[in-house]
Each structure stands twice: as C-alpha cells, then as structure tokens.
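Listed here are the chains, written in short residue letters.
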Amino acid sequence: MTDPTTRPGVGKPRTGDTPTDQPAGNPTEDRPAGQAGETPAQRRERSLGRLGDRKRARLDELARATADPGGVSLYRDALRRLRRNPVAIVGAVIVGLFVLVAIFAPLIAPHDPVQRFDELTRDLTVDSIPGATAGHPFGSDPLGRDFLSRMIHGSRQTLFVGVLATLIGLTLGVLLGAIAGAFGGWVDVVLMRLTDVMLALPSLLLAITLVAMASRSSQWTVIFAVAIVSVPIFARLLRGSMLAQRESDHVLAARALGVKERNIVLRHMLPNSLTAVIVQATLTFAVAILDAAALSFLGLGDPDINRAEWGLMLGVDGQRYFEVRPELAYYPALAIIVVALGFTLLGEAMREAIDPKNRR
Amino acid sequence: MLRVIVRRLLQLVVTLIALSALIFVWLRNLPGGPVEALLGERATPERRALLIKALGYDQPILVQYGKFMQRVLTGDLGNSIRTGDPVTDVIARAFPATIELAIAAMIIAVGLGVPLGYLAARYRGRLLDNLTIAGTLLGISIPIFFLGYLLKDVLTQDIHWFPPSGRISTGMDNTSVTGFYVLDGLLTREFDASADALWHLILPAVTLATIPLAVIVRITRASVLDVLNEDYVRTAEAKGLRHRTIRGRHILRNALLPVVTTIGLQTGALLSGAVLTEKVYNWGGLGTLITDSISGGRDYPVLQAIILLAALVFVLVNLLVDLSYAFIDPRVRVR
C-alpha cells in the first residue's frame, strides 16, 4: 500500500499497459493476431486521444487499487475481529449447537416426543411425576411422555418460533423503515407516528393485546404477536440509517450520475443499512423466545398439548407442576437461558465488531 | 420551556387518540368479539341481536367512537363485562399496587445499577467488571417469571425470609388512604402495616428489577467509559482535584444523560414485567387484572382502559425524562 504507484491519483499515470499509451509505431500493432482479437470496443478506446488515455489510465489504477488485497474491507475487518473475540466464539458455538440439535432432533432423541409410555403413566399421581429411570434419563412429563425427547424436539419448535417471529418482524419493519426513509416527507411522518404509537405500548402488553384480540390463541398468534412487537424497532433502525444516507456522498454521487431513485434505494442505501438490521435480528431472536415463553406462562400460548416447545414447557407444565417436580421447569428454563444468552452474546459481539469506533 | 411542554402534551394527546381509535376499531371488527365472548358461540341470533343493540354495536363505527370518546372525557370508561363494576373503579383499585411495585423496582434498579455500572467502568477488565457483565447478560436472558418462582421457592419455602405472596399479611388491619400500602401505613401512623407491606414488597420488586437493573448497569458502564477518556477528566486529575469531586462533578454528571434516557425507556419493561411478576406473587395489580380480563372471557372495556393507561404512563414518564435533560445538562436545549 505504501508504493505510490498503486495509489490512485498519485504517481505516474502511464504505468498501465504501454501499448495503449503509444498508439502509433508500436510493434504489436503489426501482428495480425492482435488485430483480429481486437473488439470494436477496444478500437474505440484507442481513439480517446492523449487526455482520454490519461484519464483512463488513472481510472484503471483506481480500480486496481480498490481490488488490492492489501486493503481490508469493513466486513473482512469485522469478521477478523469477531474471530478473535472469545465472546463471539462462545455465542457462535451455542447458536451452532442449538441449530444442529434442532436439525438432527429426530436422530438424537431416544423416543417419540408425543408417545405416552405405560411404564411412565403407571407411576403418575397427583403429587408425583416419575424422575429418571433406565430408559428415560430425564424422567417423565405430566402426561407420561419421555421428557428428554421432548426437550430435544423442543429445540426445533423453539428455533421455528424464534426464527419465524424474527423474520416476520424484520420483513415488516424493514419495509416500513425503508419506505419512510426512502420517501421522507409526509410518508415518513405518517409511518413514524404509527411506530410511535406501537412504541408507546410496553412490548409485552402489546403482545398480550394482540393475542387477546385473536378469538383463540394458537402457535401462529404467538408468533405473530411476538413478531409485531419488534416491527417498530426494525423500522426505526432502518429509517434512521436511510435518512443518514440520503445526504451522504455516495448517494449524492449516484444521484449525480443519474441512477434511478429506485436503484439508489435498493442498491445503494439498503445494503448499507442491512448490517445493523442483521445484528438487531440476532438480538431480537433472544427476546422473541423469552416473550413466547412469557405468553405461554400467562396462559396465552399455543394450546396444542402435543407441541414440544421450551417456552410452552416452562410456561405451562413448569409452572403448574413446580412444586411436584421442579425439573420440569429447570430444564426448559436452562435451555432458554443458554440459547438466549448465545444469541445475545453473538449479537453484541457483532455490533461491537461492525462499529467503526472499535477498528484497530 | 412551557411551549415545549405544551407541544409535547399535544403530541401525547394525538398518540393516545390514535391508539384508542386503533384499539376501538380493531376490537369491534373481530371474529368472536365482545358479543361472542359474552354469550358464547352457541347463542341464538335473537339474543345476539339484542345484545348488539344494547351495547350500541349496531350504529356506525364513527358514531360509536364519538360516543365512546364523549364518555371517556367525562371520566366514564364503561362497565366491566366480567363483574359489571365501573371500569374506573376496577382500575383505581389495581393501579396503586402496580405503581408501588414499579417504583420499588425502579429504586432497586437505579440504586444498585448506577454504582455497579460506575465501578465496572472504573475497574474495567478486572474481576468485578467481568462478573458484573456476566451478571447483566444472565439478567437479560432469564425469563423473569422463572426467576420469580426460583426466588419464591428458595426464600419463602425453604427458608422463611419472605412471605410467598400477596401485598400484606391477612389479618393486618390497615387503613387505605392512597392505595399505596407502604405510604398508607406512614400516613396513618400504622407503622407495623407499613413494615409488613414493605416486607411483602421486597421479593416481587427484586424480581421485577432484574431486567432494568441489567440494562442500567450496562448503559452506565458504557457511558462512564466514554467520559473517562475525555480530556477534562484527565485535566481534573492533573489539577489534583479530590477524587470525590471528579467522580461527582466531572464523570457522573456527564455520564448521566444516557442513563436517564434508559430509565425512561425501562418504564415499559417494568410495566411488561409487572404482568408476569404479579402473577407469580399473586399481587393484585394491573398485571393480574389484565390476565384475568383475558382468561376470564375477554373483558374488552377493562383491557382497553389498561392499555390506554399503560401507554399514558409510559409516554408521560418519557416526557418527564426529556424535560429533565435541561436540568441535568444545561447545554441541552429541549426542543
């Protein structure tokens, strides 16, 4: 990078291909192969004249300098810092393990999560739920099903609820924020008033209200409610970033070049805002599974008794049978805490890594 | 200053009206709305029509909303579907309980969070800092109703340090003046009632304080870290000012602004958390009311009132926070 010839705009402009710099009397001109291989575009390039050639050489240099492996992009730099950060590694390992368990749940789980075992149901009484036995290391759940298998399968449903809620929230939020930020003016005012109204409600109260407004709760109402809560956050985030960019140099440059407004928004502004959105999505995931658990606890969760989802297990059975067998609460709670922690750690580390303030 | 307050209050009114209109229209256009909730799904069409007429649901939605707003402005929020009591009475009974709990939780969160955050920043990278950060991460990752059950199980069942639930011991003869039991005891000089209410308050307040505490610690730490690197702190140290002066006048005062903002925003977390905490400790406040209003056949008038009240509290607190900036930092011009 210290070599002046590789730096744009500095040094000799003619370090490029010498043939193009000397149009006349060049020995390569006489070669028939060279003539035949020439495209019309190349011929047109030649007729730029001295000044044109000079400009082009400079542009070529500029292009070479930016492609120079010596330079480090923000993403690569952030990735490098992430890899060195133990917090990020712990977070990533937790998230990775969680996703792996969720994917391979049917292979790992020893039993079917909805099957009721006779040897377990036999011992079920009002004030006793069987603990660990030979075939069932975590014991039974209140309906005589294998608790370990339900825990393992629970990772799937939990991942499903978290991912779907985050994705819905992200999509709607990004859409609102992008529209507000791209158009500005009264569209911005109206949309931001709407998010203000949503933000004026405490998040869980909003979720409760949304669930309560559906005639009966299901897994979908829970996912929807948890998702809607995160919409104003994403919208605000994206709008702020878009507004900041509207006046920035690269958007001004694109506009000056006559790039269509739609393409400026989609190709120039949106990609630059997405990093912050992805970080927020990681953090939102943790909140989503915690909120889903809270809704189950309040009796507004998924009524399907066969569904194995950690929040549901903790919020319903864990609460109901806490005195009888606290493990029914402990294991799902521990799983939720660890996974939420993993996503939070990863998200925080990512946020730190992309913050230019932390560049070293 | 006055103009600012007036304008913000007007904005608040607009937000509340928009919110009420949204909820109002939504509630009345639901499949299985209040009518279904009242009569059940197998009601005869005649009875349904009667009820719809009685509730005024047959009129145009704008007329209904106009009438509703008219009644709201005269302080009439309708009657609870479940019990038939006026909504204002139902809410007035529950409101002080939740506010008492929320204030206690906020005192714990701020009282513990700001010093902890300051110390963590001061001893950055040391054991105390690492432990604090680990603690805050755990604090925001734990479902607070689970933490509530855990605390309750250990501290009230295993060792009887605290009462398991309720706001005051049964048989305690307390006179209610404001509805804030701790304050009532002090006002009526029934100090034993005050102490008993406080004793009941501690565990729920600690549970509810977890998340705000964690957030306040983190913000304080980050904010103090920023200020510590400032030139004026180094100058103050070089001048040989006393440690206490530097801490109070130079570091904390400058670091406080983001912390105060966070405190305002955490009001929302407190109101959300109160719903869960109240259920765990059987605390008869707004949270309990909301859960009952939903599970006991969607009591929409009550629900609607609670939601509007929560939004009002949240927005008002944040208005106060914004206004307080001018007092904390004279450089800030409130706009």
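Residues numbered from 1 in each chain as written. Chains lettered and ligands numbered in written order. Predicted model: local features only at pLDDT ≥ 70, side-chain atom pairs only at ≥ 80, totals over all residues. Heavy atoms only, no water.

All names here are of chain A. Per the UniProt entry, the sites bearing "transmembrane region" (unreviewed entry) are residues 86-109, 159-187, 194-214, 220-238, 277-300 and 329-350 in this numbering. In this annotation, residues 220-238 is assigned 100% helix and 0% strand; the end-to-end C-alpha distance for the span is 26 Å. In residues 277-300, helix accounts for 88% and strand for 0%; the two terminal C-alpha atoms are 29 Å from one another. (UniProt positions renumbered as here; feature names shortened; annotations may be inferred. Helix = DSSP H or I, 4+ residues; strand = E, 2+ residues; numbered from the N terminus.)

Residue and element names in this part refer to chain A. Compared with the 26 Å implied by 1.5 Å per residue over 18 residues, the 25 Å span of helix H6 (residues 86-103) between its first and last C-alpha is a close match. Buried within H6 are the following residues: Ala 88, Gly 91, Ile 94, Val 95, Phe 98 and Ala 102. Taken end-on, H6 shows its buried residues confined to a sector of 135°, consistent with a single buried face. More than 90 degrees from the buried face of H6, the exposed residues found are Pro 86 and Leu 97. Here H6 starts with a cap whose side-chain oxygen sits 3.0 Å from the backbone nitrogen of Val 87, and that cap is Asn 85. (Expected span 1.5 Å × (residues − 1). Buried < 20%, exposed > 50% of the residue type's maximum accessible area, 1.4 Å probe, protein only. Arc of directions from axis to C-beta. Polar contact = N/O pair within 3.5 Å; in protein donor to acceptor, adjacent residues only side chain to side chain.)

Residues and elements named next belong to chain B. Within this structure, the stated rule accounts for 13 salt bridges over all chains. One salt bridge in this structure joins Asp 85 and Arg 93, with 3.7 Å as the shortest N-O distance. The salt bridge involving Arg 221 is made with Asp 129; its shortest N-O contact spans 2.7 Å. Taken together, the positions of Arg 221 in helix H9 (residues 191-228) and Asp 129 in helix H6 (residues 127-141) put the pair 92 residues apart, joining distant regions of the chain. (Salt bridge = Lys/Arg side-chain N within 4 Å of Asp/Glu carboxyl O.)

A few words now on the confidence of the model for chain B. For chain B, the mean per-residue pLDDT works out to 83, and 92% of the residues sit at or above 70. Across the interfaces of the predicted complex, the ipTM metric reaches 0.83, alongside a pTM of 0.79. (pLDDT = per-residue confidence, 0-100.)

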